[in-house]
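Results of the structural survey
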Amino acid sequence: MSLKPRRILFDEVWGCLKTTVEKVITLRAVKKDKWNDSFNDVYSICVAYPEPLADRLYTETKLFLENHVKSQLDDFGVYMMEVNDTDNSQNQLLHKYYSAWKNYSEGLGFLNSLYSYLNQQHIKKQKVSEAEILYGNGGHLSVAQEQMEIGELGLDIWRIFMIQNLGDILVKQILQGIERDRVESNLSSKDIETLNGVIHSFVMVQDYKKKGNLKLYENMFEGKMLEASGEYFKSQASKLLQTCSVSQYMQEVIRILDEENIRAHKFMHISSIQKLKKECEDRMITDHKYFLYSECKDMVSNDKRDDLKNLYTLLKPIVDGLKELIQFLLEQIKNEGTESVMNLKGENIHIQFVENMLQVHQKYENLISETFKNDPLFLSALDKACASVINSKLCDGKTACRSAELVAKYHDSLLKKSKSTESEIETKLTKSITIFKYIEDKDVYQKFYSRMLAKRLIHDQSVNMELEEVMINKLKQACGYEFTNKLHRMYTDVGISMDLNNKFNQHLKNQNNELHINLSIKILQAGAWPLGPQTAIPFAVPQEFEKPIRDFETFYNLKFSGRKLSWLHHLCHGELKVSLAKKSYLITMQTYQMAMLLLFENCDTLSCKDIKDVLQLNNNENFQKHLQSLIDSKLLTVDTEKIEESSIVSFNLDFSNKRTKFKITASLQKESPQQEVEQTHTQVDEDRKLYLQAAIVRIMKSRKVLKHNALIQEILSQSKVSFAPSIPMIKKCIESLIDKQYIERTANSSDEYSYVA
Amino acid sequence: MSEDNDKTSYDSDSSKPDKMFTLKKWNSVAMWSWDVECEICAICRVQVMDACLRCQAESKKDIQSKDGACVVVWGECNHSFHHCCMSLWVKQNNRCPLCQQEWSIQRLSS
Ligand SMILES: [Zn+2]
Ligand SMILES: [Zn+2]
Ligand SMILES: [Zn+2]
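Residues numbered from 1 in each chain as written. Chains lettered and ligands numbered in written order. Predicted model: local features only at pLDDT ≥ 70, side-chain atom pairs only at ≥ 80, totals over all residues. Heavy atoms only, no water.

1. Focus: the domain arrangement of chain A
Residues and elements named next belong to chain A.
- Segmenting chain A into domains produces domain 1 (10-213), domain 2 (403-559), domain 3 (569-671) and domain 4 (674-755).
- Its C-alpha centre places domain 2 at a distance of 31 Å from the equivalent point of domain 4.
- Counting residues at the interface gives 14 residues for domain 2 and 15 residues for domain 4.
- Together domain 2 and domain 4 conceal approximately 1,300 Å² of surface at their shared face, both sides included; 47% is due to carbon and sulfur atoms.
- Together, Asp443, Lys447 and Arg451 form the three largest contributors to the area buried by domain 2 at its contact with domain 4, with a combined 42%.
- Where domain 2 packs against domain 4, one counts 3 salt bridges.
- In this structure, aspartate 443 engages arginine 688 in a salt bridge whose closest nitrogen and oxygen atoms are separated by 2.4 Å.
- The interface formed by domain 2 and domain 4 includes 7 residue pairs in polar contact (both at pLDDT 80 or more).
- Broken down by secondary-structure element, the contributors of at least two residues to the side of domain 2 that touches domain 4 are helix 20 (442-458) and helix 22 (481-510).
- Residue contributions to the side of domain 2 that touches domain 4 peak at 7 residues, all from helix 20. (Domains from an automatic or database assignment. Contact = heavy atoms within 4.5 Å. Buried area = accessible area lost by both parts, 1.4 Å probe. Salt bridge = Lys/Arg side-chain N within 4 Å of Asp/Glu carboxyl O. Polar contact = N/O pair within 3.5 Å; in protein donor to acceptor, adjacent residues only side chain to side chain. Helix = DSSP H or I, 4+ residues; strand = E, 2+ residues; numbered from the N terminus.)

2. Structural notes on the pairing of strand 11 (residues 752-755) of chain A
Residues and elements named next belong to chain A.
- Of the two faces of strand 11, both are covered, the one formed by Glu752 and Ser754 as well as the one formed by Tyr753 and Tyr755.
- Pairing between strand 9 (residues 705-707) and strand 11: 3 bridges, direction antiparallel. By the bridge assignment, leucine 706 is partnered in strand 11 with tyrosine 753.
- If you look at the hairpin formed by strand 10 (residues 743-745) and strand 11, you'll find 6 residues sitting between the two strands. (Buried < 20%, exposed > 50% of the residue type's maximum accessible area, 1.4 Å probe, protein only. Pairing = 2+ DSSP bridges.)

3. Some words on the coordination of the zinc ion (ligand 2)
Residues and elements named next belong to chain B.
- Bound to the zinc ion (ligand 2) on the protein side are Cys52 (SG), Cys55 (SG), Cys70 (SG) and Cys84 (SG), at distances that span 2.3 Å.
- Coordination at the zinc ion (ligand 2) comes from 4 donor atoms whose angles at the metal span 99 to 128°, giving a geometry best classed as tetrahedral.
- Donor residues for the zinc ion (ligand 2) sit on one chain with the sequence pattern C-x2-C-x14-C-x13-C. Of the two residues examined, cysteine 52 and cysteine 55, each falls in the buried class. (Donors = N, O, S within 2.8 Å, 3.2 Å for Na, K, Ca; no water. Tetrahedral: all angles 85-135°; square planar, octahedral: opposite > 155°, others 65-115°.)

Quick look at the structure:
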């Protein structure tokens, strides 16, 4: 046939086309050539000569569809009149609607293809304004105003004639169906398909729209569905509350939430799933959250993990739902932590403190990972609680917080020679870092740690040097280079000293110089070691020590320039062989004690004054302490009860001891622990000032000019790693830097500083 | 010695009249510091043993910078300072801040 436009008789062609249209919309068979003819008919009408008759075709088709749908609607009349509560009639209506819709929408699809030419060429897609299409606007769309593709037109006609008339009764019955699914859960698969199909017809009928395609579904169905569901959840909740414990209630709610989720997927459009869930949560969880909270305490203290897991699952999606639970957990950890470290007694307070606290931490860390999915909110509550316990001033009933000291002591006890294996020690060190990190005054810890480290290194008490380094690196990782700088310098001093000793021995050998004693010297750099004020006690070194000292100093000055050495005799010790008539003894003691004994090589008795004068030991306390230790060991005897200047001291020639090798444990630096603690705190204060000054210089150097408050903020954020400085202390440091002319106040403002280059 | 001989029954000890006390072993500890008259640098008021204030401020991020960075300098007048501090000082005034003698370097620390 020709594609050329030709003159046609509309009524004739339409009459022919209409029979096909009728068959298509009712899904009756259409022969292939008949279909092709009809397809051409649409074309020839649209391109008819002298004028195209497309508008007329559109109008006729529309009229046809309207009549078709209206006659379908008439069939429902019976059901609408008869609607009552019998299941049968309800099902009948829904099933009938669904099958009518199914057929219609399918047929409409074919019809749309049949009208392809009209759709594509004639109907200029005109923007359908929202207002006109809105459900409820009703009435006809005049062709002049608006033309739609035939498929869309058909859907719209269905909406206007079918849904607007039947909608309310359909929805009412759908809701009854859903209710039945909730209560009896005995819907047949046909029932389910129908409900789903009917509900989705509200979406599909406007699916072609780009915007607002869910409006009809939401307004007509979803709102009512949520309302009815809400009522149902509410009544379920109050029913459950009458018989259930919290634990049972939670299980029930979780089950219901689960079922509702399945139900939503089964019947509804995807956009309703979340809303239905929310409705269920609101009615069953939020409305009764205090009931849920009421057994928190019991669940936590009796470790009811399943209940806690359920509680978390239920409260997680609720706004602020977890707040109360988290707050409760925080308090619980605080109480348990405080209890575990309060009133500790005995020698091992430091061990108990760290290990008890670790136990609490691990317990709750584990709880949070197993029941609260490692929720960051819970983890941060754990941190808060632990930090609060560890930094509490009340942790042992005294005024100062001792945790920094205790943790340092704990580390000291691990790193000292003991029976534990290296890997055991390392594991414990690693774990304890958790506790260390909570300490606020890390500089206090550092001070204690460095004192203990110094003792271990000087007196060769470390398990091994590798572990010392491991620990320093752990601290560095946690607090940065600056924090461990001095510790690291101490550690390296020991290595350097070993190296120096080897070189010195080689040097002596080269010179054929034999010292006849086993000499080992540790060279410490001043400033890095926390050795306290009593650095050098004046002392006339006995000649036995003089030569090694001289030789070493000569050697040292060859190696380094501009350095001087001072000998810390109070930290030295040695082995003295005492040869007596019956036996010889090898006795380990301190340098001062050796010096005293050596005086008796040439005489039997000496007065205290003599000893003091020869050794020039002017520090009486020091003198008494060491002399007393020799008397206690019975190597020396004294003729008075109390040691006085005039007392006569004699060497005990009858001395005898079962062991030939032993140690005089003189009161090695007997600072009382309390004094030592106080000293440490004073030093921390001094160091803080120096630290703050360096920080201020650093900040000012890079910023050049800065307001007072901005400077304070910077300092606070920088010092956070090791301590929280007080504002007055910062101010003092600023003043002192102004005095030293590192910074100055700017001319135009009193609260602004500038860097002096 | 002579007195010893009287008291000790040295015949039991087969060896020669040995000394009664013999030093076998000595573990000693010494501290090194710069050989300076004044331990505090007069320019920055920090101990010369520590790095000067400016170096401390900078070394913050340094990894293990051997303390070599901030050495000590001695003038012919035997006064000593941080080398860093003195280098800045002489730019303005080539005299020792302590004795006002013309500054000339005697040695640097190692
Ligand atoms: Zn300086
Ligand atoms: Zn410097
Ligand atoms: Zn000078």
